[in-house]
Amino acid sequence: MRLDKYLKVSRIIKRRSVAKEIADKGRIEINGKAAKSSTEVAPRDELVIKFGNKTLTITVDELLETTKKDDAERMYTIVKEEYAQDFRQE
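About the cut-offs
Residues numbered from 1 in each chain as written. Predicted model: local features only at pLDDT ≥ 70, side-chain atom pairs only at ≥ 80, totals over all residues. Heavy atoms only, no water. Helix = DSSP H or I, 4+ residues; strand = E, 2+ residues; numbered from the N terminus. Rg over C-alpha atoms; globule rule 2.2 N^0.38 Å. Buried < 20%, exposed > 50% of the residue type's maximum accessible area, 1.4 Å probe, protein only. Contact = heavy atoms within 4.5 Å. Areas by Shrake-Rupley, 256 points an atom, 1.4 Å probe, with all protein chains shown as cover. Lys, Arg positive; Asp, Glu negative; His and termini not counted. Charge placed at Lys NZ, Arg CZ, Asp CG, Glu CD. Salt bridge = Lys/Arg side-chain N within 4 Å of Asp/Glu carboxyl O. Core = buried A, V, L, I, M, F, W, Y, C linked by side-chain atoms within 4.5 Å. Pairing = 2+ DSSP bridges.

Caption draft 1: Expanded view of the overall build of the chain. A tally of regular secondary structure across the chain gives three helices and five strands. In the chain, the order of α-helices and β-strands from amino to carboxyl end is α-α-β-β-β-β-α-β. Computed over the C-alpha atoms, the radius of gyration of the chain is 13 Å, within 12% of the 12 Å expected from 2.2 N^0.38 for a compact globule of 90 residues. Within the chain, the proportion of its 90 residues that are buried is 33%. A fraction of 42% describes how many contacts in the chain between residues 6 or more apart in sequence connect residues 24 or more apart. By element, 46% of the accessible surface of the chain is carried by carbon and sulfur atoms, the whole surface being about 6,100 Å². Put simply, the chain has 20 plus and 17 minus side-chain charges, and the middle of one group is 5 Å from the middle of the other.

This is the structure we're talking about:
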């Protein structure tokens, strides 16, 4: 499955066009290598996604062509979620 479609179906990113744009800017890595939107994703791949201040590391568990909102979380496991700067107030 293409990377941009996987990110949309798994609901990590809401729109496929946004997923394509982020991938094509080099802000997504698959197994340590920069990935384009057309890169194929397979189960057990590790994705590192950089969203501005947040870096999300996930492992691909399952590939589904379509999902309901409740089933989308079965497609991946969050390994690590880091923030470059914590803006939350204590």
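Structure's up, so let's keep going.
Caption draft 2: Structural context of the pattern of salt bridges. Overall, the coordinates contain nine salt bridges when judged by the stated rule. Put simply, K25 and E21 hold a salt bridge, and the shortest N to O gap is 3.4 Å. One salt-bridge network, in which partners are shared between bridges, spans R2, D4 and R16.

Caption draft 3: Looking closely at the nonpolar core. Membership of the largest hydrophobic core comes to 22 residues, with the highest contact counts inside it found for L3, Y6, L7, I12 and L47. Elements with a minimum of two residues in this core: α1 (3-9), α2 (16-24), β1 (28-30), β3 (46-51) and β4 (54-60). When residues of this core are assigned to their parent elements, the largest contribution, four residues, is made by α1.

Caption draft 4: Spatial organisation of the sheet that holds strand β5 (residues 76-83). One open sheet accounts for five strands, arranged β2-β1-β3-β4-β5; its pairing is antiparallel. The sheet terminates laterally at β2 (33-34) and β5, the two strands that pair on one side only. Both β1 and β3 contribute to a ladder of three bridges, which runs antiparallel. Considered in β3, the bridge of E29 is made with V48.

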